[in-house]
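# Fold and geometry: a report
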Amino acid sequence: MRISLFRRQPDPDRIEVVHAGARYAVLVKRRAAARRMTLRVSQATGEITLTLPERADFAAGRTFAENHGGWIAARMAKRPRPVPFEPGQSIPLRGVPHRIVHWSKARGLTQATRDAEGVPVIAVAGDAAHVSRRVKDFLRKLALDDLEKAVRRHTATLGIPARKITIRDTTSRWGSCSSQGHLSFSWRLILAPPPVLDYLAAHEVAHLKEMNHSHRFWALTHKLCPHTEEAEAWLKRHGASLHGYG
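Since the model is a prediction, treat every value here as computed from it, not as a measurement.

Calculation criteria
Each chain has its residues counted from 1, running along the sequence as written. In keeping with the model being predicted, local features are shown solely for residues with a pLDDT of at least 70 and side-chain atom pairs are shown and tallied solely at 80 or more, while totals for entire chains, interfaces and linings include all residues. Values reported for side chains reflect all heavy atoms of the structure, with hydrogen atoms and water molecules removed beforehand. For this document, the term salt bridge refers to a Lys or Arg side-chain nitrogen within 4 Å of an Asp or Glu carboxyl oxygen. Here a helix means four or more residues in a row that DSSP labels H or I, a strand means two or more in a row labelled E, and each is numbered from the N terminus. Note on contacts: a residue pair is in contact if any heavy atoms of the two residues lie within 4.5 Å. Should DSSP find at least two bridges between two strands, the strands are taken to pair. Helix axes are fitted to C-alpha atoms over the stretch in contact, other axes to C-alpha atoms as well, and angles between N-to-C directions run from 0 to 180 degrees. What sets the label is the angle itself: under 35 degrees gives roughly parallel, over 145 gives roughly antiparallel, 65 to 115 gives roughly perpendicular, and the rest give oblique. Under the grouping applied here, Gly and all other residues not named as nonpolar or charged are polar, the nonpolar ones being Ala, Val, Leu, Ile, Met, Phe, Trp, Tyr, Cys and Pro and the charged ones Asp, Glu, Lys and Arg.

### Points about the pattern of salt bridges
Close approach of charged atoms allows side chains with opposite charge to pair. Per the counting criterion, the structure on display carries nine salt bridges. Asp-198 serves as the salt-bridge partner of Arg-153, at 2.2 Å between the closest nitrogen and oxygen. On the criterion of sequence distance, the pair formed by Arg-153 in helix α3 (residues 131-158) and Asp-198 in helix α4 (residues 194-206) is long-range, its members being 45 residues apart.

This is the structure we're talking about:
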């Protein structure tokens with residue numbers, strides 16, 4: 001049996017790009033369908049990915065990434081500032097800024113209300129160590145409630161029911177629809193103005209009939225949600241910032 005001495009060695013999973021003294025870890029992936037080298041910086045997670053065609057030279061890929069160090073730095077600088085769910089922090093709820101307040105050490109419900117000055121707050125009770133988790137649980141519950149209502153409204157118009165609705169913390173998409181009629185959404189939509197959440201509900205409900213992004217799909221989405229274009233524009237401008245909370 002003849003063994004090839006020229007078999008390509010496995011690529012490293014990551015490389016490091018240095019620019020202006022800052023170091024950036026870059027994930028390396030090969031894709032058979034890729035036609036050219038590409039770099040991507042996720043505004044949601046901060047992950048930097050170098051994608052190479054199957055037959056591309058790895059050394060050329062490394063050089064490509066290093067030559068784009070300035071671009072990587074600029075994209076990373078535009079990432080949303082992290083805002084933890086801690087007392088004193090301000091987070092949007094249905095598009096309206098709310099200040100997180102730890103109002104009692106005794107156990108109690110988390111609620112959206114107003115303080116003595118009329119300022120919107122998210123009031124959290126219980127152990128201070130659990131404030132972050134309680135805020136996230138509260139937001140997830142509100143997101144599920146709002147999305148279930150929106151989905152019921154749109155499916156009633158469409159005449160096709162959704163079989164299941166789930167809430168997740170996705171970074172690559174705001175919602176999805178399976179061929180079995182299962183809808184999934186990011187809980188972070190509760191942070192956006194209500195028309196944006198309503199649009200995403202309509203978008204995925206439209207997929208119950210049109211599992212594609214054809215002209216028929218978009219016509220149906222616009223029928224269910226007349227403010228589709230405005231919601232899409234809002235997501236393009238502000239969507240990435242929603243991933244900075246929590």
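Let us keep going from here.
### Considerations on the side chain of His-154
With respect to the secondary-structure elements, His-154 resides in helix α3. Beyond its immediate sequence surroundings of up to four residues, His-154 is in contact with Asp-198, Ala-201, Ala-202, Val-205 and Leu-224.

### Topic: the sheet that holds strand β3 (residues 38-41)
Taking strand neighbours across the sheet as the criterion, the four strands line up as β1-β2-β4-β3 in an open arrangement whose pairing is mixed. This sheet does not close on itself; its edge strands, each paired only once, are β1 (14-19) and β3. The sheet shows a mean angle of 30° between the axes of neighbouring strands, taken without regard to direction. Looking at chain direction, β3 and strand β4 (residues 48-53) are connected through four bridges and run antiparallel. By the bridge assignment, Arg-40 is partnered in β4 with Thr-49. Packed on one face of the sheet, helix α1 (residues 58-67) meets β1, β2 (22-31), β3 and β4 and runs near 145° to β4. Sheet contacts for helix α2 (residues 69-77): β1, β2, β3 and β4; angle to β3, the most-contacted strand, approximately 20°.

### Description of the packing of α4 against helix α6 (residues 228-238)
Two numbers describe how α4 lies on α6: the axes approach to 9 Å, and their chain directions differ by 110°. By the criterion of interaxial angle, the relationship of α4 to α6 is roughly perpendicular. In contact with Pro-195, Val-196, Tyr-199 and Leu-200 of α4, α6 contributes Thr-228, Ala-231, Glu-232, Trp-234 and Leu-235. For the contact of α4 with α6, the per-class residue count stands at seven nonpolar, one polar and one charged.

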